[in-house]
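Coordinates in review
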Amino acid sequence: LIKQDRKRIEGTWRVAALEVNGNKTADQDARKLSVVNGPDGTWTLYSEGQVVSKGTNLFDPTQKPKTIDLTITAADGNGNVHLGIYELGEQRRKLCFVPPGQKRPTEFTSPTGSERILVSFEREKK
């Protein structure tokens, strides 16, 4: 199952919507961000083509909701682990995660004061 989701998440995803701590980011700003997921569980976050962050994913598709641990491997925040949950479709996916040290979210929401980050992605055309 983990390999299956790794394969399905592989590729480039454009951020379609972004909400942080209850605040929705303007769509035109959110859409400047994209993530490239590698077949080996690595990811790279870009803003307008510039690398912003890098890291690795650890999936557990057997959980309800499915869980993901995002580890940052780039200089800024190196070693930080963000606990999250995810939904993965063919063309769309959702991710909700928290800052290091917080409990994993159990739902795809980002209420004010929660510090949760809720992201929706659309797959980029090849």
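So, how was this worked out
In every chain, residue numbers begin from 1 and rise along the written sequence. In keeping with the model being predicted, local features are shown solely for residues with a pLDDT of at least 70 and side-chain atom pairs are shown and tallied solely at 80 or more, while totals for entire chains, interfaces and linings include all residues. With hydrogens and water stripped out, all remaining heavy atoms of the structure feed into the side-chain values. Each helix is a run of H or I in the DSSP string that is no shorter than four residues. Each strand is a run of E no shorter than two, and both are numbered from the N terminus. As defined in this context, the radius of gyration uses C-alpha atoms, and a globule is described by 2.2 Å times the residue total to the power 0.38. Buried residues are those whose accessible area, probed at 1.4 Å on protein chains only, stays under 20% of the maximum for their type, while exposed residues exceed 50% and partly exposed ones sit between those limits. Any pair of residues with heavy atoms lying within 4.5 Å of one another is described as a contacting pair. Counted charges follow a simple rule, with Lys and Arg positive, Asp and Glu negative, and His plus the chain ends left uncounted. One atom stands in for each charge, and that atom is NZ of Lys, CZ of Arg, CG of Asp or CD of Glu. In this analysis the probe radius is 1.4 Å and the grid spacing 1 Å, with only protein atoms considered; a cavity is a set of points the probe fits into but cannot get out of, a pocket is an open set with protein on both sides within 12 Å along at least five of seven lines, and lining residues have an atom within 4 Å of a point. Grid points are joined across faces, edges and corners, and a volume is the space filled by probe spheres set on the points. The nonpolar class holds Ala, Val, Leu, Ile, Met, Phe, Trp, Tyr, Cys and Pro. Asp, Glu, Lys and Arg form the charged class, and all remaining residues, Gly among them, are polar. Here, the term nonpolar core denotes a set of buried Ala, Val, Leu, Ile, Met, Phe, Trp, Tyr and Cys residues that are joined through side-chain atoms within 4.5 Å. In the analysis that follows, any N or O atom pair within 3.5 Å is treated as a polar contact, provided that within protein one partner can donate a hydrogen and the other can accept it, and provided that, for residues neighboring in sequence, both atoms belong to side chains.

1. What about the overall build of the protein chain?
A count of helices and strands for the protein chain gives 2 helices and 9 strands. For the protein chain, the succession of helices and strands along the chain, N to C, is α-β-β-α-β-β-β-β-β-β-β. For 126 residues, the compact-globule estimate of 2.2 N^0.38 gives 14 Å, and the C-alpha radius of gyration of the protein chain, at 13 Å, lies within 12% of that figure. Oriented by its inertia axes, the alpha-carbon framework of the protein chain measures out at about 35 × 35 × 30 Å. In the protein chain, which comprises 126 residues, the share counted as buried stands at 37%. Summarising the internal contacts of the protein chain: among those between residues at least 6 apart in sequence, 40% fall at separations of at least 24. Treating the 20 positive side-chain charges of the protein chain as one cloud and the 16 negative ones as another, the clouds have centres 5 Å apart.

2. Digging into empty space enclosed by the protein
Counted under the stated rule, the structure contains 1 cavity of 30 Å³ or more. By volume, the largest cavity is sized at about 30 Å³. Taken together, I9, I68, Y86, E87, L88, R93, K94 and L95 make up the lining of the largest cavity. Tallied by class, residues from the lining of the largest cavity come to 5 nonpolar, no polar and 3 charged.

3. Some thoughts on unusual backbone geometry
Only a minority of non-glycine residues have a phi that is not negative, and only a minority of peptide bonds are not trans. Residue P65 is reached from K64 by a cis peptide bond, and omega for that bond is -10°. Along the chain, P65 turns up in the loop between strand 5 (50–60) and strand 6 (66–72). The phi torsion at E48 lies on the positive side, around 50°, for a residue other than glycine. Note that E48 resides in the loop between strand 4 (42–47) and strand 5.

4. Describing the nonpolar core
Residues V15, L18, L95, V119 and F121 are the most contacted members of the largest nonpolar core, which totals 19 residues. At the level of elements, strand 1 (11–20), strand 3 (33–37), strand 6, strand 7 (81–88), strand 8 (92–97) and strand 9 (117–123) are the ones that each hand at least two residues to this core.

5. Here's the deal with the environment of E124
Relative to the assigned elements, E124 resides in the segment after strand 9. Residue class for E124 comes out partly exposed when judged on its relative accessible area of 31%. Taking the C-alpha atoms as reference, E124 lies 7.9 Å from G11; in sequence the two are 113 residues apart. When near neighbours in sequence (up to four residues on either side) are disregarded, E124 contacts T12, W13 and R14. Engagement of the side chain of E124 in a polar contact is seen with the side chain of R14, the distance being 3.2 Å.

6. Focus on the side chain of R14
Structurally, R14 can be placed in strand 1. A polar side-chain atom of R14 sits 2.8 Å from the main-chain carbonyl oxygen of R31.

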